[in-house]
Protein chains: 2
Amino acid sequence: MKNSESQNNKAQRVSPQTIKRLPAYLMYLQKVAQKGDLSISAPRMGADLEADPTQIVKDLSVTGIKGKPRVGYNVTELIHTIENYLGFNKNNEAFLIGAGKLGQAILSYHELQGFGIRILAAFDIDESKINQSYGNVKILHFKKLGELANRLGISIGILTTPSDKAQEAAEAMVKSGIKAIWNMTSVRLELPKHVIVQNTSMYADVAILLKDYNDSEA
Amino acid sequence: MKNSESQNNKAQRVSPQTIKRLPAYLMYLQKVAQKGDLSISAPRMGADLEADPTQIVKDLSVTGIKGKPRVGYNVTELIHTIENYLGFNKNNEAFLIGAGKLGQAILSYHELQGFGIRILAAFDIDESKINQSYGNVKILHFKKLGELANRLGISIGILTTPSDKAQEAAEAMVKSGIKAIWNMTSVRLELPKHVIVQNTSMYADVAILLKDYNDSEA
DNA sequence: AATATATAAAGAAAAATATCTTTATATAAA
DNA sequence: TTTATATAAAGATATTTTTCTTTATATATT
């Protein structure tokens, strides 16, 4: 089950776990910045986030940030460094395919913009949805995907179709030039190796929850 | 010779990674069963799922299942064993709090039932949503949560409120006797230690996707 | 200015996880 | 029945990730 991890780059490999923790740091740091604090130390972050301070230092170090002993990190510099490292400050233009409830939820959640993702349009085959808007994003007919993606040079696609349409939709996305797919369905997509696929399966987490809960009841 | 771990929850810690992989096996196995195959070998699973066969054997072994050399595992037995191990065959009754788009998506996605979760009711404060139904689940007023949860003995809650309401809603859930919370918001909840919280942050995965994508473009 | 101290940074150790190797065995083939 | 072989199971090794320890240094305190 190695998927996107295999993308080998020049710099030394950074663990996915580290990368997954960085957005949480970012959200925390934005609150710290809002409070007006100019600097933040790893021990402080660790206490607030209930995390090991040395792990935080290690995680942050992958971005190249330098902190000062007895002071910590400059908050705004740290925010910008993480955003830059993760690509959140780029204008990552994306299309969303599948404007059902889940798709609508994604369209309505403006927090995604904080991650540098800007959804330019959504696509569906349900005529009753066409031309409706959610979160200022218009739903267009799926058949227009290819031409628009090509013309606008869209490389990122968010897949939120029903399971039985996922593979087909994903293939159309690839044919339209989309290179990276955020797959919110529980379907295992079969796509050419060069396509970057990130699976967000809510259901893996459900397994942990139920296991923990049922074990605690036993 | 460690056996019967499935019955003994104190037996041996099982890694979260293993538990997270089990639902993926389950979904795959259901397709295999649908095809009519009676048995399945780890090498075959590994080929289909692009995973290491020995890892699959190790993962499956935590459930206590026994396979036969040259044949593999009995498909239906394996399915039931995994479901039993994860608690998916229990009737895990749950409430959903926050009937916005994301909540509606969860209510409409019937796949959750395959995980043993049965959502009995949803709650919101938006009067216009009260008494509406999604996926056969009725939306009730949030103020009714406490009494109903108590009366029905609900222990599992799914949190899908907007971020700014998440902490407050979670506290109400705990006060109503809910012991396990599936937190779909990006908020870090501060709750008593005894409450089981599983965070599903879609945004961690976005970080991986964007990093992989932007690195590949570099 | 000198000293003490909190904290980042680097390195080492430990723990967790994944992969590889060997062994045992059930089934198929001869 | 006998032998060959595919595969589960167990064990060993390797890798990855986290945690612990040490060191260096910038700032605060005196």
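Residues numbered from 1 in each chain as written. Chains lettered and ligands numbered in written order. Predicted model: local features only at pLDDT ≥ 70, side-chain atom pairs only at ≥ 80, totals over all residues. Heavy atoms only, no water.

*Asks:* What is the right way to look at the pairing of strand S8 (residues 180–183) of chain A in this model?
*Replies:* Look at any regular strand and the pattern is simple: side chains alternate between the two faces of the sheet. All names here are of chain A. Side chains of S8 alternate between two faces, with Ala180 and Trp182 and Ile181 and Asn183 buried alike. In this structure, strand S7 (residues 156–159) lies alongside S8, joined through 4 bridges in parallel fashion. In the sheet register, Ile158 faces S8, and the bridge partner there is Trp182. Handedness of the crossover is the feature at issue here: the chain leaves S7, passes through helix H7 (residues 163–175), returns alongside S8, and the resulting connection is right-handed. Pairing analysis gives 4 bridges linking S8 to strand S9 (residues 196–199), with the strands arranged parallel. Note on S9: the bridge partner recorded for Asn183 is Asn199. (Buried < 20%, exposed > 50% of the residue type's maximum accessible area, 1.4 Å probe, protein only. Helix = DSSP H or I, 4+ residues; strand = E, 2+ residues; numbered from the N terminus. Pairing = 2+ DSSP bridges. Right-handed = clockwise from strand over helix to strand, strands pointing away.)

*Asks:* I tried to follow the relation of the copies chain B and chain A on my own but got confused; where do I start?
*Replies:* One copy of the chain maps onto the other through a rotation about an axis followed by a shift along the same axis. At an RMSD of 0.1 Å, chain B and chain A line up after a rotation of 180 degrees and a shift of 0.0 Å along the axis. Within this description, the copies of the chain are treated as partners about a two-fold rotation axis. Mapped onto chain A, 94% of the interface residues of chain B are again interface residues, and the two copies thus contact each other with one and the same surface. (Least-squares fit on C-alpha atoms with pLDDT ≥ 70 in both. Contact = heavy atoms within 4.5 Å.)

*Asks:* Help me understand the protein's contact with DNA strand C, please; the structure alone is not making it clear to me.
*Replies:* Residues in contact with DNA strand C amount to 26 residues; listed here are only the nearest, Ala42, Lys58 and Arg70 of chain A together with Arg13 and Arg21 of chain B. Restricting attention to atoms of DNA strand C within 4 Å of the protein, one finds that 72% of them are sugar or phosphate atoms. The side chain of Tyr73 of chain A places a nitrogen or oxygen atom 3.1 Å from a phosphate oxygen of DNA strand C. Measuring from a base oxygen of DNA strand C, one finds a side-chain N or O atom of Arg70 of chain B at 3.3 Å. Counting residues per element, the ones that place at least two in the surface near DNA strand C are helix H2 (42–49) and helix H3 (53–61) of chain A together with helix H1 (16–35) and helix H3 (53–61) of chain B. Considered class by class, the residues forming the surface near DNA strand C number 9 nonpolar, 7 polar and 10 charged. (Near = heavy atom within 4 Å. Polar contact = N/O pair within 3.5 Å; in protein donor to acceptor, adjacent residues only side chain to side chain. Nonpolar A, V, L, I, M, F, W, Y, C, P; charged D, E, K, R; others polar.)

*Asks:* Would you explain the protein's contact with DNA strand D in this entry?
*Replies:* Taken together, 25 residues lie near DNA strand D, and Arg13 and Arg21 of chain A together with Ala42, Lys58 and Arg70 of chain B sit nearest. Of everything in DNA strand D that lies within 4 Å of the protein, sugar and phosphate atoms constitute 73%. Between Arg70 of chain A and DNA strand D, the recorded distance is 3.3 Å, taken from a side-chain N or O atom to a base oxygen. Residue assignment for the surface near DNA strand D shows that the elements contributing at least two residues are helix H1 (16–35) and H3 of chain A together with helix H2 (42–49) of chain B. A breakdown of the residues in the surface near DNA strand D according to their chemical character gives 8 nonpolar, 7 polar and 10 charged.

*Asks:* Is there a simple way to think about the pattern of salt bridges in this case?
*Replies:* A pair can form between side chains of opposite charge whenever their charged atoms are brought close. Summed over the entire model, instances satisfying the criterion amount to 28 salt bridges over all chains. For the salt bridge of Arg188 of chain A with Glu50 of chain B, the shortest nitrogen-to-oxygen distance reads 3.6 Å. With Arg188 of chain A in the loop between S8 and S9 and Glu50 of chain B in the loop between H2 and H3, this residue pair bridges two chains. You can call Glu50 of chain B partly exposed: its relative accessible area is 42%. For Lys129 of chain B, the salt bridge identified is with Asp126 of chain B, shortest N-O distance 3.8 Å. Overall, the relative accessible area of 19% leaves Lys129 of chain B in the buried class. Overall, Asp126 of chain B belongs to the partly exposed group, its relative accessible area being 30%. Three or more residues are tied together by salt bridges with common partners; here these are Glu50 of chain A together with Arg188, Glu190 and Lys193 of chain B. (Salt bridge = Lys/Arg side-chain N within 4 Å of Asp/Glu carboxyl O.)

*Asks:* In this structure, what is going on with the domain arrangement of chain A? I would like to understand it.
*Replies:* Quoted interface sizes are often the accessible area lost when the parts come together. Domains assigned within chain A are domain 1 (8–86) and domain 2 (92–204). Just the C-alpha atoms count here: the centres of domain 1 of chain A and domain 2 of chain A sit 30 Å apart. (Domains from an automatic or database assignment.)

*Asks:* Can you help me understand the environment of Gly177 of chain A in this one?
*Replies:* Residues and elements named next belong to chain A. Along the polypeptide, Gly177 turns up in the loop between H7 and S8. Spatially, the C-alpha atom of Gly177 lies 9.9 Å from that of Glu147, the residues being 30 residues apart in sequence. Sequence-distant contacts of Gly177, that is, excluding residues within four places in its chain, are made with Ile154 and Ser155.

*Asks:* How should I be thinking about unusual backbone geometry in this particular structure?
*Replies:* Most peptide bonds take the trans configuration, and most residues that are not glycine carry a negative phi. Positive phi outside glycine occurs at Asn136 of chain A, with the angle close to 70 degrees. With respect to the element layout, Asn136 of chain A can be found in the loop between strand S5 (133–134) and strand S6 (137–141).

*Asks:* Teacher, can you tell me more about the packing of aromatic side chains here?
*Replies:* Aromatic ring pairs are described here by two measures, namely the spacing of the ring centres and the angle between the planes. In the structure shown here, the tally under the stated rule is 6 aromatic pairs over all chains. Ring centres of Tyr203 of chain A and Phe115 of chain B lie 4.8 Å apart, and the angle between their planes is 20 degrees; on these two criteria the pair is classed as stacked. With one member in each of two chains, Tyr203 of chain A in helix H8 (residues 202–217) and Phe115 of chain B in the loop between helix H5 (101–108) and strand S4 (117–124) form a pair that bridges those chains. Per residue, the accessibility class of Tyr203 of chain A equals that of Phe115 of chain B, and both read buried. An aromatic cluster is defined as three or more aromatic residues linked by ring pairs; in this entry it consists of Phe88 and Phe115 of chain A together with Tyr203 of chain B. (Phe/Tyr/Trp six-rings, centres within 6.5 Å; stacked < 30°, edge-to-face > 60°.)

*Asks:* Mind showing me how you'd approach the confidence of the model for chain A here?
*Replies:* Low pLDDT marks stretches whose predicted atomic positions should not be read closely. Looking at chain A, pLDDT values average 93 and 94% of them are 70 or higher. Of the regions scoring below 50 in pLDDT, residues 1–10 of chain A engages in 20 contacts with residues more than four places distant in sequence or in other chains. (pLDDT = per-residue confidence, 0-100.)

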